[in-house]
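Observations on the three-dimensional arrangement
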Number of protein chains: 2
Amino acid sequence: MPDTQTFGPLTLHCFGESGHSYKVALMLRLCGLDWQPRFVDFFGGAARSPEFRALNPMGECPVLVEATPEGDRVLTQSGVILFDLSRRTGRFGGDNTAAEAEVLRWMLWDNHKFSAQIGTCRFLMNFLPPEKRPGEVIGFVQARLKAAYATLNDHLAARDWVAGDGPTIADLSLCSYLYYPEPFGFDRADWPHIARWLDRIAALPGWAHPYDLMPGNPSDRAGV
Amino acid sequence: MPDTQTFGPLTLHCFGESGHSYKVALMLRLCGLDWQPRFVDFFGGAARSPEFRALNPMGECPVLVEATPEGDRVLTQSGVILFDLSRRTGRFGGDNTAAEAEVLRWMLWDNHKFSAQIGTCRFLMNFLPPEKRPGEVIGFVQARLKAAYATLNDHLAARDWVAGDGPTIADLSLCSYLYYPEPFGFDRADWPHIARWLDRIAALPGWAHPYDLMPGNPSDRAGV
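Residues numbered from 1 in each chain as written. Chains lettered and ligands numbered in written order. Predicted model: local features only at pLDDT ≥ 70, side-chain atom pairs only at ≥ 80, totals over all residues.

1. Notes on the packing of helix H1 (residues 19-30) of chain A against helix H3 (residues 78-89) of chain A
Residues and elements named next belong to chain A. Cut-off, in case you're wondering: Throughout, an axis means a line fitted to C-alpha atoms (over the contacting stretch in the case of helices), and angles, computed between N-to-C directions, take values from 0 to 180 degrees. A run of H or I in DSSP counts as a helix once it spans at least four residues, and a run of E counts as a strand once it spans at least two, with each numbered from the N terminus. In these notes the angle categories are as follows: under 35 degrees is roughly parallel, over 145 is roughly antiparallel, 65 to 115 is roughly perpendicular, and the rest is oblique. Here, residues touch in the contact sense if the C-beta positions derived from the backbone fall within 7 Å of one another.
With their axes 9 Å apart at the nearest point, H1 and H3 run at an angle of 10° to one another. Classified by the interaxial angle, the pair formed by H1 and H3 is roughly parallel. Seen from H1, the contacting residues are His20, Lys23, Val24 and Met27; seen from H3, they are Ser78, Ile81, Leu82 and Leu85.

2. What about the pairing of strand S1 (residues 10-14) of chain A?
Residue and element names in this part refer to chain A. Just so we agree on the cut-off: Any two strands with at least two DSSP-identified bridges between them are counted as paired.
Relative to strand S3 (residues 63-68), S1 runs antiparallel, the two being bridged by 4 bridges. Bridge pairing in S3 places His13 opposite Val63. In this sheet, strand S2 (residues 36-39) lies alongside S1 in parallel orientation, the contact comprising 4 bridges. When the sheet's bridge partners are listed, Cys14 is paired in S2 with Phe39.

3. Some points on the sheet that holds strand S1 (residues 10-14) of chain B
Residue and element names in this part refer to chain B. Ordered in space as S2-S1-S3-S4, the 4 strands form an open sheet in which the pairing is mixed. Sheet topology places strand S2 (36-39) and strand S4 (71-76) at the edges, where each strand pairs with a single neighbour. Direction aside, the axes of adjacent strands within the sheet are offset by 25° on average.

4. Notes on the relation of the copies chain A and chain B
One chain copy maps onto the other through a rotation about an axis and a shift parallel to that axis. The condition that has to hold: Superposing copies: least-squares fit, C-alpha atoms only, residues required to have pLDDT of at least 70 in both.
For these two chains of identical sequence, chain A goes onto chain B by a turn of 180° and a shift of 0.0 Å along the axis, with RMSD 0.0 Å. Taken together, the rotation and translation relating the two chain copies correspond to the operation of a two-fold axis. Interface residue correspondence from chain A to chain B reaches 100%, placing this contact among same-surface, isologous pairings.

5. Examining the domain arrangement of chain A
Residues and elements named next belong to chain A. We apply this condition: These domain limits were set by an automatic method or by a database of domain assignments.
Partitioning chain A into domains gives domain 1 (10-91 + 210-216) and domain 2 (97-202). Its C-alpha centre places domain 1 at a distance of 20 Å from the equivalent point of domain 2. Sorting the residues of the side of domain 1 that touches domain 2 by element identifies H1 and H3 as the ones contributing at least two each. If you tally residues by element for the side of domain 1 that touches domain 2, the top one is H1, at 6 residues.

6. Observations concerning the interface of chain A and chain B
Applied cut-off: Side-chain classes are defined by residue name, with Ala, Val, Leu, Ile, Met, Phe, Trp, Tyr, Cys and Pro counting as nonpolar, Asp, Glu, Lys and Arg as charged, and the others, Gly among them, as polar.
Listed by partner, the interface residues are 22 residues for chain A and 22 residues for chain B. For the side of chain A that touches chain B, the elements supplying multiple residues, two or more each, are H3, helix H4 (97-126) and helix H5 (135-155) of chain A. In terms of residues, the side of chain A that touches chain B owes the most to one element, H4 of chain A, which gives 8 residues. A class-by-class count of the residues in the side of chain A that touches chain B yields 12 nonpolar, 7 polar and 3 charged.

7. Describing the environment of Pro167 of chain A
Looking at the secondary structure, you find Pro167 of chain A in the loop between H5 and helix H6 (169-175). Taking the C-alpha atoms as reference points, Pro167 of chain A and Gly94 of chain A, 73 residues apart in sequence, are found 7.6 Å from one another.

8. What to know about helix H3 (residues 78-89) of chain B
Here is the rule we go by: Expected span, for any helix, means 1.5 Å times one less than how many residues it has. Counting other C-beta atoms within 10 Å of a residue's C-beta gives its exposure: the residue is buried at 20 or more, exposed at 12 or fewer, and partly exposed in between, where C-beta atoms are placed from the backbone.
Over its 12 residues, H3 of chain B runs 16 Å from end to end, which matches the ideal 16 Å to within 8%, given 1.5 Å per residue. In terms of residue burial, H3 of chain B counts as a mostly covered element, since 9 of its 12 residues are buried. By the burial criterion, the buried members of H3 of chain B are Ser78, Gly79, Val80, Ile81, Leu82, Phe83, Leu85, Ser86 and Thr89 of chain B. Contacts from the buried residues of H3 of chain B go to H4 of chain A together with helix H1 (19-30), strand S3 (63-68), S4, helix H4 (97-126) and helix H6 (169-175) of chain B. In the stretch just after H3 of chain B, Gly90 of chain B is the one whose phi turns positive, near 75°.

9. Quick notes on the sheet that holds strand S4 (residues 71-76) of chain A
All names here are of chain A. Strand order in the open sheet made by the 4 strands is S2-S1-S3-S4, with mixed pairing throughout. With one partner strand each, in any of the chains shown, S2 and S4 form the two edges of the open sheet. Strand-to-strand twist of the sheet, defined as the mean angle between neighbouring strand axes without regard to direction, takes the value 25°. Packing against the sheet, H1 makes contact with S1 and S3, and its axis sits at approximately 155° to S1.

10. Some remarks on unusual backbone geometry
Residue and element names in this part refer to chain A. Cis peptide bonds are those with omega within 30 degrees of zero, and the linkage from Cys61 to Pro62 qualifies with 5°. Mapped onto the secondary structure, Pro62 falls in the loop between helix H2 (50-55) and S3. In the Ramachandran plot, Gln77 falls in the positive-phi region, its phi being about 75° despite a non-glycine side chain. Mapped onto the fold, Gln77 is located in the loop between S4 and H3. Classification of Gln77 as buried rests on a count of 25 C-beta atoms within 10 Å.

11. Some details on H5 of chain A
In plain terms, the rule: The arc refers to the directions leading from the helix axis to the C-beta atoms.
Taking 1.5 Å as the rise per residue, H5 of chain A with 21 residues should run 30 Å; its terminal C-alpha atoms sit 30 Å apart, in good agreement. For H5 of chain A, every residue scored as buried is listed here: Ile138, Phe140, Val141, Ala148 and Leu152 of chain A. The arc that holds every buried residue of H5 of chain A, seen down its axis, measures 160°, which confines them to one face. In H5 of chain A, the exposed positions angled more than 90 degrees off the buried face are occupied by Gly135 and Ala143 of chain A. Among the structural elements, H4, H6 and helix H7 (192-202) of chain A together with helix H5 (135-155) of chain B are those in contact with the buried residues of H5 of chain A.

12. A look at the environment of Ser86 of chain B
Relative to the helices and strands, Ser86 of chain B is located in helix H3. The spacing of Ser86 of chain B and Ile169 of chain B is 83 residues in sequence and 7.5 Å in space, taken between C-alpha atoms.

13. With respect to the pairing of S4 of chain B
In the sheet, S3 of chain B pairs with S4 of chain B via 6 bridges, with the strands oriented antiparallel. Paired with Leu64 of chain B across the strands is Leu75 of chain B, a residue of S4 of chain B.

14. Quick notes on the environment of Leu172 of chain A
Residues and elements named next belong to chain A. Within the element layout of this structure, Leu172 appears in helix H6. Taking the number of C-beta atoms within 10 Å as the measure of exposure, Leu172 has 26 and is therefore buried. For the pair Leu172 and Met107, spaced 65 residues apart in sequence, the C-alpha to C-alpha distance is 9.4 Å. Excluding residues within four positions of it along the chain, Leu172 makes contact with Lys23, Leu26, Met27, Leu82 and Phe92.

Structure (structure tokens):
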């Protein structure tokens, strides 16, 4: 385990509905770090602004900015930020080299087959006007997700955590979208091993719901 | 640069149409390693077989198996394999710590927004029977990909390689699907910085086309 490092003031550019932001917000919270959220009005187009593109040309949340004597240190991509925070805090990185390789394996799978698809599906089903929701796309993504839920559920059948013997950033990455209340075709009752794993993560000291950790949620836009 | 390690016999479970497999096949080739491809009849359902699932429960190619005196060492997820090969060969990992973080950032983006979407789009447009191709899904994915091509093209406007001053595994990961001949809505003429970067990669000593590196290509199945 590396020496724990000190941090300069941390600002997380994020919004409540962003499951990718929640991965980082939850990590910051579970590590007991001081940080401030800065709301990005993603649905209002703020991530396409020149100011935001200067911060992250990929146009995505989260962005973590650490103020240091040498200037701002800017990190983007939730996976990059999670690995960086894990390395510097010595937390949630896996208890040995084999676990670390598993962490990376599942985080890549999460970015490819899991959170990426859930984020798309949830957006299309909840944050587009009803008349603009593309039914064929939603059906296609839900079918792919069903296979992904099965893969994760099977993996968790005989183990408590995704990689190694304790919670890691792979768990924090994979779980994020599954705590949101909006429908996207996931029902805990269908996936009992995932359901119990979500309860285990929610029991970690400091755990909080995404809408309690980050500003912005659907009720803010009700009637807009 | 770490000491270069020796390798036991390497077998890559792959198929020619798999851009994710090609990332690894190209890395093995550019590093001058000895390896053998083993054809996975993915379109025939082989990745869903119990034997393959025992090798990779995620049901995906590539899988790299190294025979060692202690038994087979099995790696899955192209990103995990690329990082492992880079670390052990001392090649394509980036020339400093900053480049290494950039490598991970772009590989995560590749898995989330780029190769993942291209692979889906190319499959739907080419490897499904014409009457089963879902037009709305193809249009949706192509629109998302247009934004991703723009992000990569802009990134390459003022630089030769994705991360750092030389080619890295981020380049090998991102480029893979773009060498395939089947249509998926990508035209080099629209993205000149990507086009020149593809030429630079193809000029690396040892470079070979996916269908020349791995068994299986659409002409094998012509008339099936």
